[in-house]
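Observations on the model geometry
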Amino acid sequence: MPINRNALIRFRTIDKCLQNRFRKWSLDDLIDACSEALYEYEGIDKGVSKRTVQGDIQLMRSNKLGYNAPIIVTDKKHYTYEDPDYSITNIPLTDQDLNKLTEVADILKQFSGFTYFQDISDMVSKLEDKINSAKKHQPAIIDFERNDNLKGLEHLDVIYQHIQQKKALLITYQSFKARKPDQFNFHAFLLKEFRNRWFVLGKREKNLKANILALDRMISLETSTLPYVPHKTDISNYFKDVIGVTVSENSPVVEVQLWIHSSNAPYVLTKPMHTSQKLLKKTPDGIIISITVQQNFELEREILGFGECIKVLSPKSLADRIQIKIEKANSLYQ
């Protein structure tokens, strides 16, 4: 059954609404959400009819699209999923889908040899592995790092679209340290992934410095009524001088020299700790490297992760901090 782009936008919008169990969704709420989504993505401002959304819900409930969505009505007016973990994005691919994806993978492979498209090679490998696993009903051959319980991934596409379309966001957010959620306007500039967690760089207000938010701490987000305020400078290199995502505009970039034991040296040489990494010297029992970065939490965590196989040679301030942390950790075992 052929489905046009507008219908797919409506299905996805209804799906996102019903996954959000922090509020109750009436039919009018779903109509409004679909209308807003079509205006946002396609520029269609005539809205969506009640009959169309009712038909979409019936299609999602049926097997015609393979969804079999467990949509129920509570209190005779509120729609929700009976299974709180259900999403139309979790359904298995059909043979037709797999054939189309195979064609896409074949096309992408033709470009993977070009310098400009080198970054897509990992993506093609992932896509091919998923397709082969689904077609042959066998376990995946490639096991990519992932976290199935990671929160906030449902916000990725929304934030991406708002950055692309230069629209401000209204975010309800609760940091780990906050006792209750906070709601504020946010102008997003750049999405950042670090160790299977996603973050977004942006500004809350026009004149405030840029800050970073974790997607897994976002409770909800929607389009703000405020006009979007773009960043005045190029922020593509915002994270180039740090390990991780913690950037301090007032913290200097320093050369950090580290001694690495010979047992761990090959790992550090083949997978550098930072793009600035340089091999300074080989010693009888290891190597000495340097990285040029800001001192932050992620740097300290990276160093501590090597345990007894690493020593901070300079700067002294960083060496002292690491020593204090090791002593505190050692006291736990006394």
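None of these values were measured; they are calculated from a predicted model.

Applying the stated criterion to the full structure yields five aromatic pairs. Ring centres 6.0 Å apart and planes at 85° place the aromatic pair F11 and Y67 in the edge-to-face group. Taken together, the positions of F11 in helix α1 (residues 5-19) and Y67 in the loop between α3 (50-61) and β1 (71-74) put the pair 56 residues apart, joining distant regions of the chain. In this structure, F11 and Y67 share a single accessibility class: buried. Consider the rings of F184 and F186, whose centres lie 6.3 Å apart with planes at 65°: the pair is edge-to-face. A network of ring pairs unites the aromatic residues Y173, F184 and F186 as a single cluster. The ring of W25 has R23 lying over it, and the distance from NZ or CZ to the ring centre is 3.9 Å. The ring of F184 carries R204 above its face, with NZ or CZ at 3.7 Å from the centroid.

Attention shifts here to the sheet that holds strand β8 (residues 254-261). Read across the open sheet, the four strands follow the order β9-β10-β8-β11; overall the sheet is antiparallel. Edge positions in the open sheet fall to β9 (278-283) and β11 (310-314), since each of these has one partner strand only. Between one strand axis and the next, the sheet turns by 25° as a mean value, whatever way the strands run. In the sheet, β8 pairs with β11 via four bridges, with the strands oriented antiparallel. Opposite W259, over in β11, you have K311 as the bridge partner.

Okay, a negative patch on the surface next. Residues D28, D32, E36 and E222 make up a contiguous surface patch of negative charge. With three residues, helix α2 (residues 27-42) is the largest single contributor of residues to the negative patch. Here E222 is to be found in strand β7 (residues 218-223).

Our focus in this paragraph is the sheet that holds strand β3 (residues 169-173). The strand order across the open sheet built from five strands is β6-β5-β4-β3-β7, with neighbouring strands paired in antiparallel fashion. Bordering the open sheet on either side are β6 (211-214) and β7, each of which pairs with just one other strand. This sheet shows a mean twist of 50° between the axes of neighbouring strands, independent of strand direction. Here five bridges tie β3 to β7, and the two strands are oriented antiparallel to one another. Paired with T172 across the two strands is S220, which belongs to β7.

Right, let's talk about the packing of α2 against α3 for a bit. Between α2 and α3, whose axes approach to 10 Å, the crossing angle comes to 100°. Of the possible angle classes, the one that applies to α2 and α3 is roughly perpendicular. Listed contacts from α3 to L27, L30, I31 and C34 of α2 are K50, V53, Q54 and I57. Considering only residue class, the contact of α2 with α3 consists of six nonpolar, one polar and one charged.

Position of N6 among the secondary structure elements: in helix α1. For the pair N6 and I44, spaced 38 residues apart in the sequence, the C-alpha separation amounts to 9.5 Å. If we ignore the near neighbours within four places in the chain, the residues touching N6 are L38, E42 and I44.

Another aspect to go through is helix α9 (residues 316-331). Relative to the 22 Å expected for 16 residues at 1.5 Å per residue, α9 spans 22 Å between its end C-alpha atoms, a close match to the ideal helical length. Residues L318, A319 and I322 constitute the buried set of α9. End-on, the buried residues of α9 take up no more than an arc of 100°, which puts them together on one face. Exposed residues lying more than 90 degrees from the buried face of α9 are K316 and K328. The inward-facing, buried residues of α9 contact β8, α8 (297-304) and β11.

Right, let's talk about the confidence of the model for the protein for a bit. Summing up the model confidence of the protein, the mean pLDDT is 86 and the portion of residues at 70 or higher is 85%. For the protein, per-element mean pLDDT is lowest for helix α5 (residues 121-136), which scores 68, and highest for β8, which scores 97.

A word on the pairing of strand β10 (residues 286-293). Counting buried residues along β10, seven of its eight residues qualify, which places the element largely inside the surrounding structure. Pairing geometry for β8 and β10, over eight bridges, is antiparallel. From the neighbouring strand, E255 faces β10, where its bridge partner is T292. By the bridge criterion, five bridges tie β9 to β10 in an arrangement that is antiparallel. Looking at β10, one finds that L279 is bridged to I289.

Following S314, the chain continues into P315 via a peptide bond in cis, with omega recorded as 0°. For D75, which is not glycine, the phi torsion reads 55° and is therefore positive. The residue D75 is located in the loop between β1 and β2 (78-81) in this model. A residue is classified by how much of its surface remains accessible, and D75, at 53% relative accessible area, is exposed. At R195, a position not held by glycine, the phi torsion is positive, near 55°. Looking at the element boundaries, R195 is found in the loop between β4 (182-194) and β5 (197-203).

Cut-off values and rules
Residues numbered from 1 in each chain as written. Predicted model: local features only at pLDDT ≥ 70, side-chain atom pairs only at ≥ 80, totals over all residues. Heavy atoms only, no water. Phe/Tyr/Trp six-rings, centres within 6.5 Å; stacked < 30°, edge-to-face > 60°. Helix = DSSP H or I, 4+ residues; strand = E, 2+ residues; numbered from the N terminus. Buried < 20%, exposed > 50% of the residue type's maximum accessible area, 1.4 Å probe, protein only. Lys NZ or Arg CZ within 6 Å of the ring centre and 35° of its normal. Pairing = 2+ DSSP bridges. Axes fitted to C-alpha atoms, helices over the stretch in contact; angles between N-to-C directions. Patch = residues over 30% accessible without salt bridge, like charges linked within 9 Å, V, L, I, M, F, W, Y side chains within 5 Å. Areas by Shrake-Rupley, 256 points an atom, 1.4 Å probe, with all protein chains shown as cover. Salt bridge = Lys/Arg side-chain N within 4 Å of Asp/Glu carboxyl O. Lys, Arg positive; Asp, Glu negative; His and termini not counted. Charge placed at Lys NZ, Arg CZ, Asp CG, Glu CD. Parallel < 35°, antiparallel > 145°, perpendicular 65-115°, else oblique. Contact = heavy atoms within 4.5 Å. Nonpolar A, V, L, I, M, F, W, Y, C, P; charged D, E, K, R; others polar. Expected span 1.5 Å × (residues − 1). Arc of directions from axis to C-beta. pLDDT = per-residue confidence, 0-100.

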